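So the chains spell out like this:
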Amino acid sequence: VGAPNVVVVLLDDVGFGAAATFGGPAETPTLDALAHEGLRYNRFHTTGICSPTRASLLSGRNAHAVGIGAVMNSADVRPGYTGVHAPDAATIAEVLRRNGYNTAAFGKWHQTADWEISQSGPFDRWPTRQGFDKFYGFIGGETNQWAPYIFDGTHQVELPSDPNYHFTTDMANQAVAWIKYQKALTPDKPSFVYFAPGATHAPHHVPKEWIAKWKGKFDQGWDKLREETLAQQIKMGVVPAGTKLAPKPPAIKDWDTLSADEKRLFAHQAEVFAAFVEYTDHEIGRMLAAFDEVGEADNTLVVY
């Protein structure tokens, strides 16, 4: 009784210097608001790829101990790399579910081996058999955000014929409804929500109106942007004074050496990326607002 709701939000392929909350260019008002009222951390161990980071985050274990030492699509017979989630590495969801929580996962999973993701199963390593009462999302590593291949539990979802459909909005709608159902039907039970959008993994599919506002914002190029971001991070105290920029990978050319066409292409790619971050942060805000609407905002722990 009185246990807090817990929300874990996981963004994909968002660098440390992307969000404005940490000195980056992409506007993230939801993350800003949470940081203002809570704690802002500047160290997070990530394996740099989807599946192992998720395996560690959801279990509290080293990814190799979970059996997911590499991205699911490259699993092999080596111990720690089999892509088969170890049965003794229980997820947070399973632990909380057994302790009275209602549990739900929305968005990207990428924790089930390729040979187990068909309608033939087995479903042991799908979300609904790994501690989640509810799953609404995609099982693999990426999906078309306009026409996603998604499941509700283990059943494929038939998409609406809505020309404005986007998966991020859909998953937020689903999460809002679920949060409100839990409070209405079992008001004494806390909820655990794992919210993992497709953003900003490829493909970068963003409504045009969100992209339009970023027009021209990255014309200075990545070399200047890196300097601007680091200066802002030092000013905010996110990194200590005297922090130096990491060297660029050899494959990334100096901005000034690029052709006009290359600059136009890469600047637009940055505009789309920033728009995807901002749009997703907006939808995360809508999801979190559901806790406020049922009077649970102050009793909800959010890890974003």
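In what follows, the structure referred to is the one given above.
What counts, and where the lines are drawn
- Residues numbered from 1 in each chain as written.
- Predicted model: local features only at pLDDT ≥ 70, side-chain atom pairs only at ≥ 80, totals over all residues.
- Heavy atoms only, no water.
- Core = buried A, V, L, I, M, F, W, Y, C linked by side-chain atoms within 4.5 Å.
- Buried < 20%, exposed > 50% of the residue type's maximum accessible area, 1.4 Å probe, protein only.
- Helix = DSSP H or I, 4+ residues; strand = E, 2+ residues; numbered from the N terminus.
- Contact = heavy atoms within 4.5 Å.
- Pairing = 2+ DSSP bridges.
- Axes fitted to C-alpha atoms, helices over the stretch in contact; angles between N-to-C directions.
- Polar contact = N/O pair within 3.5 Å; in protein donor to acceptor, adjacent residues only side chain to side chain.
- Salt bridge = Lys/Arg side-chain N within 4 Å of Asp/Glu carboxyl O.
- Expected span 1.5 Å × (residues − 1).
- Parallel < 35°, antiparallel > 145°, perpendicular 65-115°, else oblique.
- Nonpolar A, V, L, I, M, F, W, Y, C, P; charged D, E, K, R; others polar.

Trainee: What is the right way to read the nonpolar core from this model?
Mentor: Counting 23 residues, the largest nonpolar core has Phe106, Val193, Phe195 and Met287 as the members making the most contacts within it. Top contributing element to this core by residue count: helix α5 (residues 167–185), with seven residues. If we ignore the near neighbours within four places in the chain, the residues touching Phe106 are Lys134, Tyr136, Met171, Gln174, Ala175, Trp178, Val193, Tyr194, Phe195 and Ala196. By size, the runner-up hydrophobic cluster in this structure holds 17 residues, among which are Val8, Ile139, Tyr194 and Ala196.

Trainee: Just to check I follow, could you spell out the environment of Gly67 for this structure?
Mentor: Counting through the fold element by element, Gly67 comes out in the loop between α3 (63–66) and α4 (92–98). Given the relative accessible area of 7%, Gly67 is considered buried.

Trainee: When you look at the sheet that holds strand β1 (residues 5–9) in this model, what are you seeing that I'm missing?
Mentor: Each strand in a sheet pairs with another by means of backbone hydrogen bonds, the pair being arranged parallel or else antiparallel. A sheet is described by the order of its strands in space; here seven strands give the open sequence β5-β4-β3-β2-β6-β1-β7, paired in mixed fashion. Both outer strands of the open sheet, β5 (155–156) and β7 (300–303), are each paired with one neighbouring strand and no more. As paired elements, β1 and strand β6 (residues 191–196) share four bridges and run parallel to each other. Directly across from Val9, in β6, lies its bridge partner Phe195. Sheet contacts for helix α8 (residues 260–293): β1, β6 and β7; angle to β1, the most-contacted strand, approximately 175°.

Trainee: Explain the side chain of Thr143 here, please?
Mentor: Here Thr143 is to be found in the loop between β3 (134–138) and β4 (151–152). For Thr143, the side chain forms a polar contact with the main-chain nitrogen of Tyr149, separated by 3.0 Å. In contact with Thr143, other than residues within four places in its own chain, are Phe138, Pro148, Tyr149 and Pro203.

Trainee: Can you help me understand the pattern of salt bridges in this one?
Mentor: Once the charged atoms of two side chains with opposite charge are near each other, the side chains can pair. Taken as a whole and judged by the stated rule, the model has 16 salt bridges. The residue Arg78 makes a salt bridge to Asp76 at a minimum N-O spacing of 3.0 Å. The exposure class of Arg78 is partly exposed, given its relative accessible area of 44%. Residue class for Asp76 comes out partly exposed when judged on its relative accessible area of 29%. The closest approach of N and O atoms between Glu94 and Arg98, which form a salt bridge, is 2.6 Å. With Glu94 and Arg98 both in helix α4 and four residues apart, the pair spans about one turn of that helix.

Trainee: I would appreciate a short explanation of α5 in the present structure.
Mentor: Residue pairs spaced three or four apart in an α-helix point in one direction, given the helix's 3.6 residues per turn. Its 19 residues place the ends of α5 27 Å apart at the C-alpha level, agreeing with the 27 Å of an ideal helix rising 1.5 Å per residue. Those residues of α5 that fall on the buried side of the exposure criterion are Phe167, Thr168, Asp170, Met171, Ala172, Ala175, Val176, Trp178, Ile179 and Gln182. Close packing links the buried residues of α5 with β2 (102–108), β3, β6 and α8.

Trainee: How should the packing of helix α1 (residues 29–37) against α8 be read in this particular structure?
Mentor: Working note: a packed helix pair is described by the angle between its axes plus the distance between those axes. Two numbers describe how α1 lies on α8: the axes approach to 7 Å, and their chain directions differ by 55°. The angle between α1 and α8 places the two elements in the oblique class. For the pair α1 and α8, the contacting residues are Pro29, Thr30, Leu31 and Leu34 in the first and Asp281, His282, Ile284, Gly285 and Leu288 in the second. When the residues that make up the contact of α1 with α8 are grouped by side-chain class, the tally is five nonpolar, three polar and one charged.

Trainee: It is not clear to me how the pairing of β1 should be interpreted in this structure. Could you clarify?
Mentor: Remark: a regular strand shows side chains that alternate across the two faces of the sheet. Judged by how many residues are buried, β1 sits mostly within the fold: five of five residues are covered. Because side chains alternate across β1, one face comprises the buried residues Asn5, Val7 and Val9, and the other comprises Val6 and Val8, equally buried. With four bridges connecting them, β1 and β7 associate as parallel partners. Note that in β7 the partner of Val7 across the bridge is Val302.

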